Amino acid sequence: MTNATAPRTAAPTRATLTPIYWGVVAYTALGLIGGVYYRELTKAHDYLGSTQLSVVHTHLLALGTLLGLILLVLERTFALSRTAQWKPFLVAYHAGLVVTVAMLTIKGTLQVLGSAAASSPAISGISGLGHILLTVSLVLLLMGLKKRLAA
């Protein structure tokens, strides 16, 4: 291969791909556990109303598993970890997803248990912060992807 046809950057290393993979595994397991928790808690309390627990499963599988699998492909293809946005993206992404899902779980559990604390503005505020972190992370991801597309 001549210099004219050589790739601009080397392929991502196992060190960058492996943590993404284990994140996918963790979010998949948590998503499945979240679905079982929702089903069992509502069944144990004969709860038939709507609850935030019903979306814990889908948040983890969509934002954790599916986005994680997409990240594996993007990292493998574009070496996003070579951008300045990568580490801040990962921190905001994981923190945002964990905070959001934790607050959904707390609020949903309180709803099933019939607690007045379920409507606490603090829970909504903290959940909102998780969503803001997720938004910031997606902006950072897109900024890093744009840089790598131009490289």
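What counts as what
Residues numbered from 1 in each chain as written. Predicted model: local features only at pLDDT ≥ 70, side-chain atom pairs only at ≥ 80, totals over all residues. Heavy atoms only, no water. Helix = DSSP H or I, 4+ residues; strand = E, 2+ residues; numbered from the N terminus. Rg over C-alpha atoms; globule rule 2.2 N^0.38 Å. Buried < 20%, exposed > 50% of the residue type's maximum accessible area, 1.4 Å probe, protein only. Contact = heavy atoms within 4.5 Å. pLDDT = per-residue confidence, 0-100. UniProt positions renumbered as here; feature names shortened; annotations may be inferred.

- Within an unreviewed UniProt entry, the label attached to the chain reads DUF2871 domain-containing protein, and the organism entered is Arsenicicoccus bolidensis.

1. Regarding the overall build of the chain
Step number 1: Across its full length, the chain carries four helices and zero strands.
Step number 2: Starting at the N terminus and ending at the C terminus, the chain contains elements arranged as α-α-α-α.
Step number 3: For 151 residues, the compact-globule estimate of 2.2 N^0.38 gives 15 Å, and the chain exceeds it by more than 25% at 19 Å.
Step number 4: In terms of its C-alpha atoms, the chain occupies a principal-axis envelope of roughly 70 × 25 × 20 Å.
Step number 5: Here the chain, with 151 residues, has 34% of them falling under the buried criterion.
Step number 6: For the chain, the share of sequence-separated contacts (at least 6 apart) that also reach a separation of at least 24 residues comes to 82%.

2. Thoughts on the confidence of the model for the chain
Step number 1: Per-chain confidence: the chain averages 92 in pLDDT, with 93% of residues scoring 70 or above.
Step number 2: Averaged pLDDT values for the elements of the chain fall to 95 in helix α1 (residues 14–44) and rise to 97 in helix α3 (residues 86–113).
Step number 3: Every residue in residues 1–6 scores below 50 in pLDDT, and together they form two contacts with partners more than four places removed in sequence or on other chains.

3. Re the environment of Val112
Step number 1: As for its placement among the helices and strands, Val112 is situated in helix α3.
Step number 2: Separated by 66 residues in the primary sequence, Val112 and Asp46 have C-alpha atoms spaced 9.0 Å apart.
Step number 3: Look past the residues within four positions of Val112 in its chain and what remains in contact with it is Leu41, Thr42, His45, Tyr47, Thr51 and Leu53.

4. Here we look at the UniProt feature "transmembrane region" (unreviewed entry) in the chain
Step number 1: Under the present numbering, the feature "transmembrane region" (unreviewed entry) in UniProt falls on residues 20–38, 58–78, 90–110 and 122–145.
Step number 2: The span residues 20–38 carries 100% helix and 0% strand; its end-to-end C-alpha distance comes to 27 Å.
Step number 3: For residues 122–145, the helix share is 100%, the strand share is 0%, and the end-to-end C-alpha distance is 35 Å.

5. Things to note about the side chain of Ser127
Step number 1: Relative to the helices and strands, Ser127 resides in helix α4 (residues 121–150).
Step number 2: Look at Ser127 and you get buried, because its relative accessible area is 13%.
Step number 3: Discounting chain neighbours no more than four positions away, the residues touching Ser127 are Thr100 and Met103.

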